[in-house]
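One letter stands for each residue in the lines below.
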Amino acid sequence: MDGEMLDMYIKWSERKMEDPNWEPIYQAEPSPFDKVTNFFSQYAIYLIGGILVKDVVTEYMDKNGIEMPTFAGFGGGGGGGGEAAADVLVSSALDGIHHLSNTLV
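The following paragraphs examine the structure supplied in this document. Computed from a predicted model, the values in this text were never measured in an experiment. The written sequence of each chain sets the order in which its residues are numbered from 1. The predicted origin of the model limits local features to residues at a pLDDT of at least 70 and limits the giving and counting of side-chain atom pairs to 80 or more, whereas totals for whole chains, interfaces and linings rest on all residues. The basis for every side-chain value is the complete set of non-hydrogen atoms in the structure, without hydrogens or water.

## So, the overall build of the protein
Phase 1: A helix here means a DSSP run of H or I that spans at least four residues, while a strand means a run of E at least two residues long, and both kinds are numbered starting from the N terminus. Along the backbone of the protein there are three helices and zero strands.
Phase 2: Scanning the protein from its N terminus toward the C terminus, one meets helices and strands in the order α-α-α.
Phase 3: Only protein chains enter the area calculation, which uses a 1.4 Å probe; residues under 20% of their type maximum are buried, those over 50% are exposed, and those in between are partly exposed. Within the protein, the proportion of its 105 residues that are buried is 8%.
Phase 4: Here the protein has roughly 9100 Å² of accessible surface; of this, 64% comes from carbon and sulfur atoms. Using a 1.4 Å probe, the Shrake-Rupley method yields the accessible areas, and only the shown protein chains count as cover for residues.

Okay, structure coming up:
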């Protein structure tokens, strides 16, 4: 127990000794509908914020002539090719981030 918890316990014990029938009043638990609404509204805010940030970044890149990395090296026939696709994805993403950081700095 830390000092704050110990202090709360001492106050609770003193109150209980004064009035043995005393029960603490707890906050009402939210309804299941409120829980679901809060959950979806929280993640909707994250989703909308992410879309707005993407729009701001792409608009900035378009305005300053920065080319968005393309991932056109994917596919190309049958199976396999996953390693090449991953290499293209990583190198294109790193090039885009490097170019963006150089432009901002």
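Further notes follow.
## Quick look at helix α2 (residues 32-63)
Phase 1: For α2, which comprises 32 residues, the first-to-last C-alpha distance of 46 Å matches the rise-based estimate of 46 Å (1.5 Å per residue) to within 8%.
Phase 2: Just beyond α2, the residue with positive phi is G65, at close to 75°. In this scheme, a helix's expected span is set at 1.5 Å multiplied by one less than its residue total.

## Quick look at the pattern of salt bridges
Phase 1: The working definition used for a salt bridge is a side-chain nitrogen of Lys or Arg within 4 Å of a carboxyl oxygen of Asp or Glu. Applying the stated criterion to the full structure yields four salt bridges.
Phase 2: A salt bridge links E29 to K35; the nearest nitrogen and oxygen atoms lie 3.1 Å apart.
Phase 3: E29 sits in the exposed class, given a relative accessible area of 65%.
Phase 4: K54 is paired through a salt bridge with D55; the nearest N and O atoms lie 3.0 Å apart.
Phase 5: Judged by its relative accessible area of 48%, K54 falls in the partly exposed class.

## A word on a nonpolar patch on the surface
Phase 1: On the surface, V36, F39, F40, Y43 and Y46 cluster together to form a nonpolar patch covering roughly 560 Å² of accessible area.
Phase 2: On the basis of relative accessibility, which here comes to 54%, the residue F40 falls in the exposed class. To count toward a patch, a residue needs a relative accessible area above 30% and no salt bridge. Like charges then connect within 9 Å, nonpolar side chains (Val, Leu, Ile, Met, Phe, Trp, Tyr) within 5 Å.

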